[in-house]
Amino acid sequence: MRAPAEAEPSTVPRREINRSPDIHALILTKDEEIHIGRCIESLLGRVTSITVIDSGSSDSTREIAVSLGAVVVENQWVNYATQMNFGIDLLSDKGGWLLRIDADEVLNTRQLNSLADTVSKAAADCDGILIKRRIYFLGRRIRFGGIEPSWQLRLWRNGRGKCEQRWMDEHIIVERGVQKSSLSLSDRNLKSLTWWMSKHNSYASREAADILSKNIKEFNTKVDKDRKLSAPAAVKRFMKEKIYLKMPTTLRASAYFLYRYAILLGFLDGKPGLYFHLLQGFLYRTLVDAKVDEIIDLAKKTNMSLEEAIKDRTGIDLRSGV
């Protein structure tokens, strides 16, 4: 770990807000100069501090973040869960609440103190707060196909939550209750479709590794009995692991696309919706299945262990995420 960039104070100086309870934002970055300023601007006056955990940006991400009052700390990337938990541990002595937001997201709020009001009114036994997430694709908000409402646990009491140690589909898990809020954030990625496809290729490798790691006792995801998933995340995981992954690989991606596009009305989002559900629903899920089969086939033909085959085909070292 390197020292915080330019040792700027962590308190955001732009506007005065109600300082009690404190809210500390966490953003993970790598080469996000196109997004980071917009993200931080949406938080100014609404949070107590902003911490950026950067994994080796080669552009001006760090400089932009520092200029807007954020503290930037560098940490080598392993996976999202490891990086997020590094940030959580880094802020463990600050108290208050933690807000997880991606660099390409912005917090939507009309009232200056709505974020502070939300945590101030949280029940005493509430450790996590759900925020609605909106996705924009090719300039259009994707509302149908089961995409909205998307409730995610993005705000939690400091010391009460951590990120599951998984290679994909990781969630924040908390110790006690979870409640919904009126808050929302928007994912408005400004990078090219070529970049988006490359990112999903990487996601597919991570998900294939995550699926196959459950067949290796040493790396099987351990259940933290002292913490729990939010209800929306638990339902989503049940549907995926107990229903989708039990279907034949030759049928499930097609069935999933038709379910989203036809039954859940994905076609109402027009041409961007068609592209989104084809690429993110059908193509991505097919790619995950193909990578799983590729890894299994390599292990059988070469007498490699499953762990070795995962590393050979995806570059992922399962031991680095333990």
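A quick note: this is a predicted structure, and the numbers were derived from the prediction, not measured.

Notes on the nonpolar core
With 30 residues, the main nonpolar core has Ile27, Ile40, Leu43, Ile50, Leu99 and Leu155 as its most contacted residues. Leu26, Val73, Leu91 and Trp151 belong to the second largest nonpolar core, which has 19 residues in total.

Comments concerning the packing of helix α8 (residues 270-302) against helix α9 (residues 306-314)
Running from N to C, α8 and α9 cross one another at 125°; their axes reach a closest spacing of 9 Å. With respect to α9, the element α8 is oriented oblique. Helix-helix and strand crossings are classified by hand; for α8 and α9 the assignment is right-handed. On α9, the residues touching Glu294, Ile295, Leu298 and Ala299 of α8 are Leu306, Ala309, Ile310, Asp312, Arg313 and Thr314.

So, the packing of aromatic side chains
Overall, the coordinates contain six aromatic pairs when judged by the stated rule. The structure contains a cluster of three or more aromatic residues connected by ring pairs, namely Phe137, Trp196 and Phe276.

A word on the pattern of salt bridges
Counted under the stated rule, the structure contains 23 salt bridges. Arginine 62 serves as the salt-bridge partner of glutamate 74, at 3.4 Å between the closest nitrogen and oxygen. You can see glutamate 74 sitting in strand β3 (residues 71-74) and its partner arginine 62 sitting in helix α2 (residues 61-67), a full twelve residues away along the chain. An identical accessibility class is assigned to glutamate 74 and arginine 62; each is buried. Arginine 133 is the partner of aspartate 187 in a salt bridge, and the nearest nitrogen-oxygen pair spans 2.6 Å. Taken together, the positions of aspartate 187 in strand β11 (residues 177-187) and arginine 133 in strand β6 (residues 126-137) put the pair 54 residues apart, joining distant regions of the chain.

Regarding the pairing of β11
Of the pairings in the sheet, the one linking strand β5 (residues 105-108) to β11 comprises four bridges and is antiparallel in character. Note that in β11 the partner of glutamate 105 across the bridge is aspartate 187. Sheet analysis places β6 next to β11, joined by eight bridges and oriented parallel. For isoleucine 135, the partnering residue across the bridge sits in β11 and is aspartate 187.

Things to note about the pairing of strand β1 (residues 23-29)
Counting buried positions over the seven residues of β1 gives seven, a clear majority of the element. Of the two faces of β1, both are covered, the one formed by Ile23, Ala25, Ile27 and Thr29 as well as the one formed by His24, Leu26 and Leu28. The sheet contact formed by β1 and strand β4 (residues 97-100) spans four bridges and is parallel. Residue pairing for β4: leucine 26 is matched across the bridge by arginine 100. In this sheet, strand β2 (residues 49-54) lies alongside β1 in parallel orientation, the contact comprising six bridges. Residue pairing in the sheet places leucine 28 in a bridge with isoleucine 53 of β2. After leaving β1, the chain enters helix α1 (residues 36-41) and then returns to the sheet as β2, a path that is right-handed.

Considering unusual backbone geometry
Residue proline 149 follows glutamate 148 across a cis peptide bond; omega there is -5°. Looking at where proline 149 falls in the secondary structure, it is placed in the loop between β7 (140-141) and β8 (151-157). Non-glycine residue aspartate 169 carries a positive phi angle of around 55°. Tracing the backbone shows aspartate 169 in the loop between β9 (161-163) and β10 (172-174). On the basis of relative accessible area, aspartate 169 is assigned to the partly exposed category, the value being 24%. A positive phi angle is found at asparagine 303, which is not glycine, with a value near 60°. With respect to the element layout, asparagine 303 can be found in the loop between α8 and α9.

Reading the values: rules and limits
Residues numbered from 1 in each chain as written. Predicted model: local features only at pLDDT ≥ 70, side-chain atom pairs only at ≥ 80, totals over all residues. Heavy atoms only, no water. Core = buried A, V, L, I, M, F, W, Y, C linked by side-chain atoms within 4.5 Å. Buried < 20%, exposed > 50% of the residue type's maximum accessible area, 1.4 Å probe, protein only. Axes fitted to C-alpha atoms, helices over the stretch in contact; angles between N-to-C directions. Helix = DSSP H or I, 4+ residues; strand = E, 2+ residues; numbered from the N terminus. Parallel < 35°, antiparallel > 145°, perpendicular 65-115°, else oblique. Left-handed = near helix turned anticlockwise from the far one by under 90°. Contact = heavy atoms within 4.5 Å. Phe/Tyr/Trp six-rings, centres within 6.5 Å; stacked < 30°, edge-to-face > 60°. Salt bridge = Lys/Arg side-chain N within 4 Å of Asp/Glu carboxyl O. Pairing = 2+ DSSP bridges. Right-handed = clockwise from strand over helix to strand, strands pointing away.

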